[in-house]
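# Coordinate inspection notes
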Amino acid sequence: MENTQSNILHEEAQHHIVGGVNSPSRAYKGVGGGTPVYMQRGAGPYFYDEDNNKYIDYLAAYGPIVTGHAHPHITAAIKDQAEKGVLFGTPTALENTFAKMLKEAIPSLEKVRFVNSGTEAVMTTIRVARAYTNREKIIKFAGCYHGHSDIVLVQAGSGPSTLGNPDSAGVTKGTASEVITVPFNDIQAYKEALKVWGDEVACVLVEPIVGNFGIVEPHPGFLEEVNRLTHANGSLVIYDEVITAFRFTYGSAQQLYHIEPDLTALGKVIGGGLPIGAYGGRVDIMEQVAPLGPAYQAGTMAGNPLSMRAGIACLEVLQQKGIYEEMDRLGKRLEDGIITSANNYKMDVTVNRLKGALTVYFTNKQVRNYTEAAATDTQKFGEFFHLMLEQGINLAPSKYEAWFLTITHTDKEIDNTLKAVDYAFKKMSR
Ligand code: PLP
């Protein structure tokens with residue numbers, strides 16, 4: 001496969017854009033290096049790069065593109081709105097329409113606010129929880145990514161009840177000292193953290209289905225226990241559903257598991273591919289937000305008509321009957337095919353899958369938390385990633401990410417992907 005144009009563009013990009021990329025995960029650091037492929041257009045489940053090579057896409061732009069690239073209904077909505085104006089700085093009827101759609105799909109959202117990214121959404125839920133509880137500390141789960149605001153760029157200390165360390169230069173020790181990190185799926189560690197920090201804890205931040213060290217589901221009863229213990233402690237439960245909302249079902253993980261948090265952060269899919277975030281929850285908590293309450297949050301671009309139209313159109317597409325069941329069926333075919341090839345070539349592979357999202361880990365062990373995900377074979381994943389890319393299969397360039405199906409993938413793409421997987425495993429097992 002020729003990648004001349006990507007090489008030229010990446011060389012040029014290094015001179016103008018820091019690291020040549022506008023988000024670090026787009027560089028190929030996690031897969032042993034290489035030049036990122038520069039895409040020029042997408043159509044359904046396919047991408048075409050600047051050399052006109054065609055790829056089956058499982059990146060889905062890190063989640064948002066669940067309807068496939070350039071879905072005609074969403075594209076028409078964006079074009080129509082672009083002709084009417086993209087930004088007014090006033091309220092619009094579109095915001096009401098979209099807020100009502102989200103509330104119907106996710107009933108715990110008694111009141112919502114639109115922002116511009118998942119980062120903003122999560123950051124603000126934390127501020128609102130602190131305002132409501134008048135407490136400062138937060139608990140998060142190790143390895144979960146919640147955007148790049150200072151407070152969530154903090155990793156575990158040396159034990160479940162120690163405070164965190166900054167995970168990035170520029171995050172102060174003071175900020176890190178407000179964050180307690182515990183392992184996911186470990187209710188004992190969570191209990192211990194609450195016992196130690198108890199009445200200082202404003203909230204716990206939960207990815208109800210983890211998407212950021214691969215797809216990891218909560219153990220049965222884990223989310224319920226977190227809810228119960230948190231509320232007993234007078235703290236709030238925040239669900240970060242930036243990846244999970246409208247990915248696995250029409251609605252969120254809350255509908256899958258029949259459980260409700262106090263506040264929810266949204267992003268990715270709900271923008272139909274345009275920049276968006278939203279947060280919402282219990283009305284008495286949301287009324288902490290300005291102009292009603294003392295917690296400030298604002299945004300020039302918030303609720304912009306273009307993102308609203310794209311989001312409404314995206315949810316309209318996702319209301320079609322049977323689409324999530326079909327992504328589940330295709331996801332199961334992928335999982336089964338990957339495992340069959342792995343067994344044929346005696347490769348140690350574990351697949352974590354939930355419906356149309358899965359992660360392929362190079363290990364013979366289960367992966368239930370960040371430590372177990374981190375212990376999987378990074379070098380093998382890098383080799384696999386490049387072998388798949390050469391065959392026109394575009395995966396996320398990190399062992400910690402998911403493969404995302406879209407409603408435009410069909411048996412044909414799965415068959416071709418499984419052929420490529422088989423070839424890659426065969427080469428790797430030699
Ligand atoms: N929360 C989760 C679970 C995410 O996966 C991400 C992004 O990957 C974010 C928050 C941040 O969203 P954004 O990149 O839109 O700021």
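An unreviewed UniProt entry lists the protein chain under the name Glutamate-1-semialdehyde 2,1-aminomutase, from Halolactibacillus alkaliphilus. Regarding the protein chain, the UniProt comment filed under Subcellular location (unreviewed entry) reads as follows: "Cytoplasm". Quoted verbatim from the Cofactor (unreviewed entry) heading of the UniProt record, the comment on the protein chain is "pyridoxal 5'-phosphate".

Taken together, four strands build an open sheet; the order of strands is S1-S2-S3-S15 and the sheet is mixed. Single-partner strands in this sheet number two, and they are strand S1 (39–43) and strand S15 (393–394). In the sheet, S1 pairs with strand S2 (residues 46–49) via four bridges, with the strands oriented antiparallel. When the bridges of S2 are listed, Met-39 appears paired with Asp-49.

With that settled, consider the sheet that holds strand S11 (residues 263–267). With mixed pairing, the seven strands of this open sheet are ordered in space as S4-S12-S11-S10-S9-S5-S8. Bordering the open sheet on either side are strand S4 (111–115) and strand S8 (179–182), each of which pairs with just one other strand. Neighbour-to-neighbour, the strand axes of this sheet turn through a mean angle of 20°, independent of strand direction. Examined bridge by bridge, S4 and strand S12 (residues 277–281) share five bridges and lie antiparallel to one another. Within the sheet, the bridge partner assigned to Lys-111 lies in S12 and is Gly-281. Docked against the sheet, helix H6 (residues 187–197) engages strand S5 (137–141), S8 and strand S9 (201–206), running at close to 155° with respect to S8.

In the numbering used here, UniProt assigns the "modified residue: N6-(pyridoxal phosphate)lysine" (unreviewed entry) feature to Lys-268. Looking at the secondary structure, you find Lys-268 in the loop between S11 and S12. The exposure class of Lys-268 is buried, given the 27 C-beta atoms found within 10 Å. If sequence neighbours within four positions are ignored, Lys-268 has contacts with Gly-63, Pro-64, Gly-118, Val-242 and Ile-243.

Right, let's talk about the pairing of strand S3 (residues 54–57) for a bit. Where S2 meets S3, three bridges bridge the pair, whose relative direction is antiparallel. Its bridge partner being in S3, Tyr-46 is matched across the sheet by Ile-56. Following S2, the chain reverses through four residues before pairing antiparallel with S3; Asn-52 in that reversal takes a positive phi of roughly 70°. Where S3 and S15 come together, two bridges link them in parallel fashion. Paired with Asp-57 across the strands is Asn-394, a residue of S15.

Mapped onto the elements of the fold, Ala-60 is located in the loop between S3 and helix H2 (72–84). Between the C-alpha atoms of Ala-60 and Leu-395, which are 335 residues apart in sequence, the distance is 9.1 Å. Residues in contact with Ala-60, not counting those within four places in the same chain, are Ile-65, Val-66, Phe-404 and Thr-406.

This paragraph deals with the site of the ligand. Taken together, 15 residues form the shell around the ligand, and within it Ser-117, Gly-118, Thr-119, Gly-147 and Val-242 come nearest. At three residues, the largest contribution of residues to the shell around the ligand is made by helix H4 (residues 118–133). Here the residues of the shell around the ligand sort into five nonpolar, eight polar and two charged.

Ala-129, Cys-203, Leu-236, Ile-238 and Ala-278 are the most contacted members of the largest nonpolar core, which has 123 residues in total. In this view, Cys-203 contacts Ile-126, Ala-129, Ile-138, Ser-235, Leu-236, Val-237 and Ile-238; residues no more than four positions away in its chain are not counted.

Right, let's get into the domain arrangement of the protein chain. Entries for the protein chain in the domain assignment read domain 1 (1–29), domain 2 (72–318) and domain 3 (322–406). Counting from both sides, the interface comprises 19 residues of domain 2 and, opposite them, 18 residues of domain 3. Looking at the side of domain 2 that touches domain 3 residue by residue, the class counts come to ten nonpolar, six polar and three charged.

Between its terminal C-alpha atoms helix H14 (residues 411–428) stretches 25 Å, which fits the 26 Å expected from 18 residues at 1.5 Å a residue. Every buried residue of H14 is listed here: Glu-413, Ile-414, Thr-417, Val-421, Ala-424 and Phe-425. For H14, the buried positions fall inside an angular range of 100° around the axis, keeping them on one side. In this structure, H14 carries Asp-411, Lys-412, Asp-415 and Lys-427 as exposed residues pointing more than 90 degrees from its buried face. As for H14, its buried residues are in contact with S3, helix H11 (323–344), helix H13 (378–390) and S15.

This paragraph deals with the environment of Pro-45. Here Pro-45 is to be found in the loop between S1 and S2. A tally of 24 C-beta atoms within 10 Å means that Pro-45 is categorised as buried. Between the C-alpha atom of Pro-45 and that of Glu-383, which follows or precedes it by 338 residues, the distance is 23 Å. In contact with Pro-45, not counting residues within four places along its chain, are Ile-56, Asp-57, Gly-68, Thr-406, Thr-408, His-409 and Glu-413.

The next point concerns helix H3 (residues 93–105). Taking 1.5 Å per residue, 13 residues should reach 18 Å; H3 reaches 19 Å between its end C-alpha atoms and fits that length. Along H3, the residues classified as buried are Phe-98, Leu-102 and Ala-105. Down the axis of H3, the buried side of the element spans an arc of 65°, and every buried residue falls inside it. In this structure, H3 carries Ala-93, Asn-96, Lys-100 and Glu-104 as exposed residues pointing more than 90 degrees from its buried face. The secondary structure elements touched by the buried residues of H3 are S4, S12 and helix H10 (305–318).

As a further point, take unusual backbone geometry. For the bond from Ala-290 to Pro-291, the omega torsion is 15°, close enough to zero to count as cis. You can see Pro-291 is positioned in the loop between helix H9 (283–286) and H10. Its identity as a non-glycine residue notwithstanding, Ala-61 has a phi of 60°, on the positive side. On the secondary structure map, Ala-61 appears in the loop between S3 and H2. Overall, the presence of 16 C-beta atoms within 10 Å leaves Ala-61 in the partly exposed class. For Lys-355, which is not glycine, the phi dihedral falls at a positive 50°. With respect to the element layout, Lys-355 can be found in the loop between strand S13 (350–354) and strand S14 (357–361). Residue Lys-355 is classed as buried on the basis of its C-beta count, with 21 C-beta atoms lying within 10 Å.

Rules and cut-offs
- Residues numbered from 1 in each chain as written.
- Predicted model: local features only at pLDDT ≥ 70, side-chain atom pairs only at ≥ 80, totals over all residues.
- UniProt positions renumbered as here; feature names shortened; annotations may be inferred.
- Pairing = 2+ DSSP bridges.
- Helix = DSSP H or I, 4+ residues; strand = E, 2+ residues; numbered from the N terminus.
- Axes fitted to C-alpha atoms, helices over the stretch in contact; angles between N-to-C directions.
- Contact = placed C-beta atoms within 7 Å.
- Buried ≥ 20, exposed ≤ 12 C-beta atoms within 10 Å, placed from the backbone.
- Near = placed C-beta within 6 Å.
- Nonpolar A, V, L, I, M, F, W, Y, C, P; charged D, E, K, R; others polar.
- Core = buried A, V, L, I, M, F, W, Y, C linked by C-beta atoms within 7 Å.
- Domains from an automatic or database assignment.
- Expected span 1.5 Å × (residues − 1).
- Arc of directions from axis to C-beta.

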